Amino acid sequence: MSDAVFTVAFYVFSAVTVLAALGVVLKKNLVHSALLLILAFVGVAGIYVLLQADFIAAVQILVYAGAVAILVAFGVMLTKRGDIRESNLANRQKWPALFVVAGVFAVIYALLGQTNWGPLAAAGPEDSVGILATLMLTDFVVPFETAAILLTVAMLGAIVIAKEVKNSK
Amino acid sequence: MENINLFVLLANWLRQWLEGVGASPDVIEVVMDVFGTVGALVFILLNALILVLLERKAAAFFQQRYGPNRWGPKGVFQTIFDSLKLLSKEDIIPKAVDKWVFKIAAYLIFIPAILVFAVIPFGEGMIISDLNIGIFYFVAVASTATLAFLMAGWGSNNKYSLIGGMRSVAQMVSYEIPLVFSLVGVVMLTGSMKMSAIVAAQTKVWFILPQFLAFLVYFIAGHAELNRGPFDMPEGEQEIVAGPYTEYSGMRWALFFLAEYANLVAVCSIATTMFLGGWNPIPGLGFLPIPTYVWFVLKVYFMIMLFMWTRWTFPRVRIDHLMHFGWKVLIPVSLVNILVTGIGIKIYQWMGW
C-alpha cells in the first residue's frame with residue numbers, strides 16, 4: 001500500500017471516529033448514541049488495520065462493536081425517562097467534567113512525550129497472532145488468567161444479583 | 001492434475017492486461033479487489049435467487065405439496081417474478097418509526113453478509129483476501145449481524161418488532177460462543193487461522209472425522225446464528241407477527257431475506273471449509289476432471305440441504321429452552337471438545353506420529 005492510499009484511509013477513519021464520538025456525546029436519544037458508538041469503534045478498528053494489527057482490529061470489532069447490542073439492550077432497560085427521544089441529555093456537571101477531561105489529556109500528553117515516534121528498526125511481524133498467543137501463555141500468563149478469573153467473578157456476581165438470592169430461613 | 005482453473009486464469013489475464021497498460025500497483029490492487037468483490041456479489045445474488053426457490057420446493061416436498069409450479073417449467077421463474085413484484089411495491093415507512101434507524105437497518109444487515117465472503121476460499125487460489133486471521137475475521141464480522149436485527153426491531157417502534165429484536169440479540173450472543181468454540185478445535189489441529197492453511201490440512205482427512213462433535217455443535221449453533229427454524233424465535237410468526245420484519249415492506253423487506261440467504265451460504269461455506277475439506281475433492285475421486293470450485297459448491301449445497309432438512313422437520317423451540325440448551329449443553333460440550341482435542345494433539349506428539 002502506497003503512502004497516498006494510507007494517508008487518505010487514515011484521515012477517513014479518523015474523521016469517522018471523531019465525528020461518531022461527537023455524535024455519541026451530543027445526540028439526545030440514548031439509542032442513537034449507542035449506535036454511533038459502533039461507528040466510532042469500527043473507525044478505530046480501521047486504524048488498527050492500517051497499522052497492520054489485524055488481530056487487534058478483529059478483536060475490536062468482535063468485543064466492542066458486537067457488544068454494543070447488549071449496551072443498547074441495557075440502555076433501554078435501565079432508562080427511566082418516558083420519552084426515549086430525551087434520554088441522553090446533558091447535565092450540569094460542567095466543572096467536574098472539565099477537571100476529569102483535563103486530567104485524561106494531561107496523562108495522554110505525558111505519554112506522548114515519552115513515546116519514541118521514530119520509524120521501527122524491524123518490519124512488523126507477519127504472523128501477529130502466533131506471537132501474541134505465545135506471549136499470552138508465557139510472559140503474560142498471570143495477567144491473562146487473572147483477567148479471565150475477574151470476568152468470571154463479575155459474571156457470577158451479575159447472575160446472583162439478577163436471581164435475587166433469598167434468605168434461607 | 002490441472003491446477004489452474006477458469007476464474008484464476010481470468011484474474012491472471014486481467015492483472016497482466018493492467019500491467020501491460022501501465023497501471024500503478026495501487027490501481028491494480030484496487031481493480032482486482034473490486035472485481036473479486038463483484039464476483040462474490042454475483043455469487044451471493046445468484047445463490048439467493050436459487051435458494052429462495054429451493055427452500056420453497058424443499059418445504060413443499062417435506063409437506064407433501066407441489067410448491068410454486070406456475071411460472072416456467074416446475075415453477076423455476078417464480079423467484080424472478082417475486083423479485084419484480086417486490087421491486088414495484090410501495091416502500092411504506094410508518095409514521096412512528098425512528099426513520100434513520102429503520103432505514104439503515106435494512107442496508108446494514110447486508111454488510112456483514114457480504115463482508116464474510118472476503119475470506120471464503122471458493123476454489124484453489126480463489127480467495128479474495130487470504131487473511132492471516134481468516135476464520136477469526138469471519139467470527140468478528142458475523143457477530144455484528146445482531147446489530148441490524150436490533151436496529152430493525154427498535155426502529156420499527158412496535159412491541160412485536162422490539163421483542164423480536166431483543167430475542168435475536170439474546171439468541172445470537174448466546175450461540176456465538178459455542179459456534180466460535182467449535183471452530184477452535186479445527187484451528188488447534190491446523191495450527192493456523194488462515195483459510196488456505198485449513199483447506200490444505202484436509203487433503204487426506206476431512207476434519208469432520210476427528211472433530212465430529214465440533215461439527216454437530218457448529219451445525220446447531222449455525223441455525224441460531226442464521227435465525228432459521230427450529231431456532232427462528234426472532235421471527236416467530238405465531239407469537240410476534242414477524243418480529244423485526246413486521247413493519248418492513250417491498251424491497252426493504254426483501255433485503256432482509258436476501259441477507260438471510262447470503263448468511264446461509266456463508267455459514268455453509270465456512271462449514272465446508274472447516275469440516276468438509278473445502279475445495280478438496282472427495283478422497284479417492286481426485287482423478288475426476290472436476291474443477292475445485294465445483295467441488296466447493298457441491299459441498300456447500302449439501303450443507304444447505306441439511307439446513308433446510310432440519311428447518312422443515314423440527315418444530316420451533318421455546319425461547320427459554322433455547323437459552324438452556326445453548327448455555328447448559330452446547331457450551332460445555334464444545335469446551336470438552338477443545339479439551340479432548342488438546343489432549344489428543346499432545347498424545348500424538350508424545351507418540352511421535
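Model, not experiment: these values are computed from the prediction.

**Q** Outline the overall build of chain A, supporting the account with residue identities and numerical values.
**A** From N to C terminus, chain A includes six helices and zero strands. Across chain A, helices and strands are ordered from the amino to the carboxyl terminus as α-α-α-α-α-α. Per-residue burial over chain A gives 22% buried out of 169 residues. Summarising the internal contacts of chain A: among those between residues at least 6 apart in sequence, 61% fall at separations of at least 24. Carbon and sulfur atoms make up 72% of the accessible area of chain A, which amounts to about 12900 Å² in all.

**Q** Break down helix H3 (residues 54-78) of chain A for me, citing the residues and quoting the values.
**A** In this model H3 of chain A runs 35 Å from its N-terminal to its C-terminal C-alpha over 25 residues, within 8% of the 36 Å that 1.5 Å per residue would give. Its maximal kink placed at valine 68 of chain A, H3 of chain A deviates by approximately 35°.

**Q** I'd love a proper account of the packing of aromatic side chains, names of residues and values included.
**A** Taken as a whole and assessed by the stated rule, the structure comprises 14 aromatic pairs over all chains. Seen in terms of ring centroids, phenylalanine 41 of chain A and tyrosine 64 of chain A are 5.3 Å apart; in terms of plane orientation they differ by 50°. Their pairing is tilted. Taken together, the residues span a long stretch of sequence, with phenylalanine 41 of chain A in helix H2 (residues 30-50) and tyrosine 64 of chain A in helix H3 at a distance of 23 residues. Exposure remark for tyrosine 64 of chain A: the relative accessible area of 44% places this residue in the partly exposed category. Taken together, a centroid distance of 5.7 Å and an interplanar angle of 65° make the contact between phenylalanine 61 of chain B and phenylalanine 62 of chain B edge-to-face. Given the relative accessible area of 31%, phenylalanine 62 of chain B is considered partly exposed. Through pairs of rings, three or more aromatic residues link up here, namely Phe212, Phe215, Tyr218, Phe219, Phe275 and Phe307 of chain B.

**Q** Just give me the short version of unusual backbone geometry, but keep the residues and values in it.
**A** All names here are of chain B. Of note, the phi angle at glutamine 64 is positive, near 55°, even though the residue is not glycine. With respect to the helices, strands and loops of the structure, glutamine 64 is situated in the loop between helix H2 (25-62) and helix H3 (78-88). With relative accessibility at 76%, the residue glutamine 64 sits in the exposed group. Notably, asparagine 227 is not glycine yet its phi reads approximately 55°, a positive angle.

**Q** Which residues make up the confidence of the model for chain A, and what are the values?
**A** For chain A, per-residue confidence averages 81 on the pLDDT scale, and 85% of positions sit at 70 or higher. Confidence scores differ between elements of chain A, with H3 of chain A showing the lowest mean pLDDT of 79 and helix H4 (residues 94-114) of chain A the highest of 89.

**Q** Pulling in residues and values, what's your account of the pattern of salt bridges?
**A** Residue and element names in this part refer to chain B. Tallied over the full model, the rule gives six salt bridges over all chains. With its nearest N and O atoms 2.9 Å apart, the salt bridge here joins aspartate 82 to arginine 56. Of this pair, aspartate 82 sits in helix H3 while arginine 56 sits in helix H2, and the two are 26 residues apart along the sequence. Note that aspartate 320 is salt-bridged to arginine 318, the shortest N-O span being 2.7 Å. Linked by salt bridges that have partners in common, Glu55, Arg228, Glu260 and Arg311 make up one network.

**Q** Mind laying out the interface of chain B and chain A, listing which residues take part and the relevant values?
**A** With 20 residues of chain B at the interface, the matching set in chain A holds 27 residues. Both faces combined, the contact of chain B with chain A buries some 1800 Å², and carbon together with sulfur accounts for 80% of it. The tally of links between chain B and chain A comes to zero salt bridges. Linking chain B to chain A there are zero residue pairs in polar contact (both at pLDDT 80 or more).

**Q** Would you mind going over the confidence of the model for chain B in detail, with residue names and values included?
**A** Mean pLDDT over chain B: 82, with 97% of residues reaching 70 or higher. What the predictor reports for the complex is a pTM of 0.82 with an ipTM of 0.75.

**Q** Tell me about helix H6 (residues 141-163) of chain A, and please be specific about residues and values.
**A** The first and last C-alpha atoms of H6 of chain A sit 33 Å apart over 23 residues, in line with the 33 Å expected at 1.5 Å per residue. Positive backbone phi, at 50°, marks glutamate 164 of chain A, one or two positions downstream of H6 of chain A.

**Q** Before we move on, can you summarise the packing of helix H6 (residues 134-143) of chain B against helix H8 (residues 159-190) of chain B with the specific residues and values?
**A** Residue and element names in this part refer to chain B. Interaxial distance between H6 and H8 falls to 11 Å at its minimum, and their mutual angle equals 175°. On the basis of their axis angle, the class for H6 and H8 is roughly antiparallel. Judged by residue contacts, Ile135, Val139 and Ser143 of H6 engage Glu176, Val180, Leu183 and Val187 from H8. Partitioning the contact of H6 with H8 into residue classes produces five nonpolar, one polar and one charged.

Thresholds, definitions, all that
Residues numbered from 1 in each chain as written. Chains lettered and ligands numbered in written order. Predicted model: local features only at pLDDT ≥ 70, side-chain atom pairs only at ≥ 80, totals over all residues. Heavy atoms only, no water. Helix = DSSP H or I, 4+ residues; strand = E, 2+ residues; numbered from the N terminus. Buried < 20%, exposed > 50% of the residue type's maximum accessible area, 1.4 Å probe, protein only. Contact = heavy atoms within 4.5 Å. Areas by Shrake-Rupley, 256 points an atom, 1.4 Å probe, with all protein chains shown as cover. Expected span 1.5 Å × (residues − 1). Bend = angle between axes of the 7 residues up to and from the residue. Phe/Tyr/Trp six-rings, centres within 6.5 Å; stacked < 30°, edge-to-face > 60°. pLDDT = per-residue confidence, 0-100. Salt bridge = Lys/Arg side-chain N within 4 Å of Asp/Glu carboxyl O. Buried area = accessible area lost by both parts, 1.4 Å probe. Polar contact = N/O pair within 3.5 Å; in protein donor to acceptor, adjacent residues only side chain to side chain. Axes fitted to C-alpha atoms, helices over the stretch in contact; angles between N-to-C directions. Parallel < 35°, antiparallel > 145°, perpendicular 65-115°, else oblique. Nonpolar A, V, L, I, M, F, W, Y, C, P; charged D, E, K, R; others polar.

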